[in-house]
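Residue strings, one per chain:
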Amino acid sequence: MSVLPLVFTSGWASGINAYAVVLLLGIFGATGLTDEVPASLQRTDVLIVAAVLFLCEAVADKIPYVDSIWDTVHTVIRPVSGAVVGALLAGQSGSLSDIAAGAVGGSTALASHFVKAGTRMAINTSPEPFSNIVMSTAEDLGVGGIVTFAMFNPQAAAVICAVLLIIGLALLIYLWTKIRRFLRRRAQRREEKRLASEVARVAR
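Residues numbered from 1 in each chain as written. Predicted model: local features only at pLDDT ≥ 70, side-chain atom pairs only at ≥ 80, totals over all residues. Heavy atoms only, no water.

### A few points about the nonpolar core
Quick reminder of the rule: Joining through side-chain atoms within 4.5 Å is the link that ties buried Ala, Val, Leu, Ile, Met, Phe, Trp, Tyr and Cys residues into a set, and such a set is a nonpolar core. Summary of the burial criterion: residues with accessible area below 20% of their type's maximum are buried, those above 50% are exposed, and those between are partly exposed, where the area comes from a 1.4 Å probe applied to protein chains only. A run of H or I in DSSP becomes a helix once it reaches four residues, and a run of E becomes a strand once it reaches two; helices and strands are each numbered from the N terminus. For this analysis, residues touch if any pair of their heavy atoms sits within 4.5 Å.
With 31 residues, the main nonpolar core has W12, A13, L25, V143, I146 and V147 as its most contacted residues. With 12 residues, the top contributor of residues to this core is helix α1 (residues 4-30). Contact partners of L25, with chain neighbours within four places excluded, come to V37, L41, V85, V147 and M151. Membership of the second largest hydrophobic core comes to six residues, among which are M121, L175, I179 and F182.

Structural data, given as structure tokens:
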């Protein structure tokens, strides 16, 4: 079960930025920092694709409303990435079954993804864009820091991720009112656009 803390940590981080997790693990494995990373994550093509997608997310994640669209698209991608990375890590160490590791990584990624997406919806209710930039930067630095820390102390990193996940879920429940307001506002804008389009069509 020695790989379980790393699987849990990578799952939590994947729910926030899956591309950063793949990129960091691949680099750590390729540079010989750890033997826990499978060769498939160290491949040059995987690292290049992960780096390009990470840069795309770094930009999209800082733009109000675009970040929520990006999160919606990644509702499936992040949990799947967490599950795959977890299964690969387990297969490399042989201390945990691939299925169990995939379940842990995927479910943890899904939970942290919901926290991230829900928090962003609440932040988007604010008219200024700076909170999005600050939050996105903090998330990127947090993912980089916790994955790096997990290379040296996976148990402590897993504990930190568990605490952050619990706090995030509690915050998400608290912010649910703002999130519902955001969803109603977005639905209202869509309805206004639809009505305007119909009016313009009738006028023609």
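### Focus: the layout of surface pockets
Here is the rule: Points on a 1 Å grid, built from protein atoms alone, make a cavity when a 1.4 Å probe fits but cannot get out and make a pocket when they are open with protein on both sides within 12 Å along at least 5 of 7 lines; residues with an atom within 4 Å of a point are the lining residues. Grid points are joined across faces, edges and corners, and a volume is the space filled by probe spheres set on the points. Following the grouping adopted for this structure description, the nonpolar residues are Ala, Val, Leu, Ile, Met, Phe, Trp, Tyr, Cys and Pro, the charged ones are Asp, Glu, Lys and Arg, and the polar ones are all others, Gly among them.
When its volume is computed, the largest pocket comes out at roughly 360 Å³. What lines the largest pocket is a set of 17 residues, and nearest its centre among them are W12, I16, V115, M135 and L164. Of all elements in the fold, only α1, α4 (98-123), α5 (130-152) and α6 (154-174) reach the threshold of two or more residues within the lining of the largest pocket. For the lining of the largest pocket, a count of residues per class yields 11 nonpolar, four polar and two charged.

### A closer look at α5
Basically, it comes down to this: Here the expected length of a helix is defined as 1.5 Å per residue gap, with one fewer gap than residues.
For α5, which comprises 23 residues, the first-to-last C-alpha distance of 34 Å matches the rise-based estimate of 33 Å (1.5 Å per residue) to within 8%. The set of residues buried in α5 consists of N132, S136, E139, D140, V143, G144, I146, V147, A150 and M151.

### Some words on the side chain of H74
Definition in use: Pairs of N or O atoms within 3.5 Å make up the polar contacts considered here, provided that, within protein, one atom can donate a hydrogen while the other can accept it, and that residues adjacent in sequence are counted only when both atoms are side-chain atoms.
With respect to the helices and strands, the residue H74 is situated in helix α3 (residues 66-93). Of note is the side chain of H74, whose polar atom sits 2.8 Å from the side chain of Y19. H74 has contacts with Y19, E57, P79 and H113, leaving out every residue within four places of it along the chain.

### With respect to α1
At 3.6 residues per turn, the α-helix brings residues three or four places apart onto the same side. Let me state the cut-off plainly: Bend is computed residue by residue as the angle between axes fitted to the seven residues ending at the residue and the seven residues starting at it.
For α1, built from 27 residues, the straight-helix expectation of 39 Å at 1.5 Å per residue is missed by more than 12%, its first-to-last C-alpha distance being only 21 Å. For α1, the principal kink sits at N17 and spans about 130°. Here α1 lies mainly inside the structure; 23 of its 27 residues are buried. Positive phi shows up at G32, right after α1, with a value of about 80°.

### Regarding the environment of A111
Along the polypeptide, A111 turns up in helix α4. Placed 107 residues apart in sequence, A111 and L4 show a C-alpha to C-alpha distance of 17 Å. The contacts of A111, once residues within four sequence positions are left out, are L165 and L169.

### Topic: the side chain of S68
Mapped onto the secondary structure, S68 falls in helix α3. Apart from residues lying up to four places away in sequence, S68 is in contact with R120, M121, N124 and F182.

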